[in-house]
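# Structural overview for review
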Amino acid sequence: MAAGLKTVILLSFVLAVGFLLIILSCALWANWLPLLVALIFVLAPLPNALFAHCGADDFSAHESTASAVDLGRFMTATVVVTGFALPIVLTHSEVIKPAACVMSIIGGGLVYGTILAYAAAFRQDYSEFD
């Protein structure tokens with residue numbers, strides 16, 4: 001396993017900073033709507049993780065089974081764009097302050113980036129011949 005204890009500590013620190021920024025964007029201006037960004041970015045990798053195992057195997061045609069994987073990637077991309085766009089829309093409609101928008105977007109990016117980095121660092125490729 002290539003990832004060790006230092007990787008886990010670094011990822012947990014970045015995740016804590018991301019959640020801190022999101023919570024501060026809510027608490028400093030007494031408006032808790034930017035907290036939805038944390039929920040969106042935590043749920044963003046879920047469709048990709050669910051549909052990743054629906055890909056083609058060695059005995060099937062690649063074109064026939066790739067649509068499920070593409071659907072998962074599309075749904076993940078849609079949720080990620082929603083996570084970045086929600087604070088901007090809330091700021092444009094003057095529901096939250098622009099500083100809360102910036103803090104929420106940066107915090108959400110850190111949370112989603114941490115989830116992606118964790119998945120990449122601890123990925124296990126299963127092979128029946130290893």
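The written sequence of each chain sets the order in which its residues are numbered from 1. Local features in a predicted model are, by the rule used here, given only for residues with pLDDT of at least 70; side-chain atom pairs are given and counted only at 80 or more, and totals for whole chains, interfaces and linings are based on all residues. Excluded from the side-chain calculations are hydrogens and water; all other atoms, namely the structure's heavy atoms, are used.

Moving on: the packing of helix α1 (residues 5–27) against helix α5 (residues 98–121). Interhelical geometry of α1 versus α5 gives an angle of 155° and a closest axis separation of 7 Å. Put simply, α1 runs roughly antiparallel to α5. The handedness of the crossing between α1 and α5 comes out as left-handed. Along the contact surface, α1 presents Thr 7, Leu 11, Val 14, Leu 15, Val 17, Gly 18, Phe 19, Leu 21, Ile 22, Leu 24 and Ser 25, while α5 presents Ala 100, Met 103, Ser 104, Ile 106, Gly 107, Gly 108, Leu 110, Val 111, Thr 114, Ala 117, Tyr 118 and Ala 121. Helix axes are fitted only over the stretch in contact, all axes being lines through C-alpha atoms; the angle between N-to-C directions runs from 0 to 180 degrees. In DSSP terms, a helix is any run of H or I states spanning at least four residues, a strand is any run of E spanning at least two, and both are numbered starting from the N terminus. Note that the term roughly parallel is reserved for angles under 35 degrees, roughly antiparallel for angles over 145, roughly perpendicular for angles of 65 to 115, and oblique for everything else. When the near helix sits turned anticlockwise from the far one by under a right angle, the crossing is termed left-handed; a clockwise turn instead gives a right-handed crossing. In this description, contact between two residues means that some pair of their heavy atoms is separated by no more than 4.5 Å.

Let's shift gears to the nonpolar core. We call a set of buried residues a nonpolar core when its members are Ala, Val, Leu, Ile, Met, Phe, Trp, Tyr or Cys and they connect through side-chain atoms within 4.5 Å of each other. Exposed residues in this analysis have more than 50% of their type's maximum accessible area, buried residues have under 20%, and partly exposed residues fall in between, with area computed by a 1.4 Å probe over protein chains only. The biggest cluster of nonpolar side chains holds eight residues, and these are Ile 22, Val 37, Ala 38, Phe 41, Ala 44, Val 80, Val 111 and Tyr 112. Of all the elements in the fold, those that place two or more residues in this core are α2 (35–43) and α5. Here this core takes three residues from α2, the largest share from any one element.

Points on a 1 Å grid over protein atoms alone make up a cavity when a 1.4 Å probe fits among them but cannot get out, and a pocket when they form an open set with protein on both sides within 12 Å along at least five of seven lines; lining residues each have an atom within 4 Å of a point. Grid points are joined across faces, edges and corners, and a volume is the space filled by probe spheres set on the points. Roughly 720 Å³ of internal volume is contained in the largest pocket. Around the largest pocket, the lining comprises 22 residues; the ones closest to its centre are Ala 49, Tyr 118, Ala 119, Ala 120 and Arg 123. With seven residues, the top contributor of residues to the lining of the largest pocket is α5. Only Asp, Glu, Lys and Arg are considered charged, only Ala, Val, Leu, Ile, Met, Phe, Trp, Tyr, Cys and Pro nonpolar, and every remaining residue, Gly among them, polar. Looking at the lining of the largest pocket residue by residue, the class counts come to 14 nonpolar, six polar and two charged.

Phi is positive for Ala 30, which is not a glycine, with a value near 50°. One non-glycine residue, Glu 94, lies in the positive phi region at around 60°. By secondary structure assignment, the location of Glu 94 is in the loop between α4 (62–92) and α5.

Our next topic: a nonpolar patch on the surface. To count toward a patch, a residue needs a relative accessible area above 30% and no salt bridge. Like charges then connect within 9 Å, nonpolar side chains (Val, Leu, Ile, Met, Phe, Trp, Tyr) within 5 Å. Using a 1.4 Å probe, accessible areas were evaluated by the Shrake-Rupley method; residue-level cover was limited to the displayed protein chains. Each salt bridge in this description consists of a side-chain nitrogen of Lys or Arg and a carboxyl oxygen of Asp or Glu lying within 4 Å of one another. Together, Leu 33, Leu 36, Leu 39, Val 42, Leu 43, Leu 46, Leu 50 and Val 95 line one region of the surface with nonpolar side chains, adding up to about 670 Å² of accessible area. Of all the secondary structure elements, the ones that give two or more residues to the nonpolar patch are α2 and α3 (45–51). With four residues, α2 is the largest single contributor of residues to the nonpolar patch.

What follows concerns the packing of aromatic side chains. Any pair of Phe, Tyr and Trp rings, taking the six-membered ring for Trp, is counted once the centres come within 6.5 Å. Such a pair is stacked with planes under 30 degrees apart, edge-to-face with planes over 60 apart, and tilted for the rest. Scanning the entire structure with this criterion turns up three aromatic pairs. Plain terms: the ring middles of Phe 41 and Tyr 112 are 5.9 Å apart, the flat faces sit at 40° to each other, and that makes the pair tilted. Pair noted here: Phe 41 is in helix α2 and Tyr 112 is in helix α5, with a separation of 71 residues, a long-range link. Of the two residues, Phe 41 and Tyr 112, neither departs from the other in class, the shared state being buried. Aromatic side chains Tyr 118 and Phe 122 sit 4.7 Å apart centroid to centroid with 45° between the ring planes, which places their arrangement in the tilted category. Residue Tyr 118 is classed as partly exposed on the basis of its relative accessible area of 48%. With relative accessibility at 21%, the residue Phe 122 sits in the partly exposed group. Three or more aromatic residues joined by ring pairs make a cluster, and in this case those are Phe 41, Phe 84 and Tyr 112.

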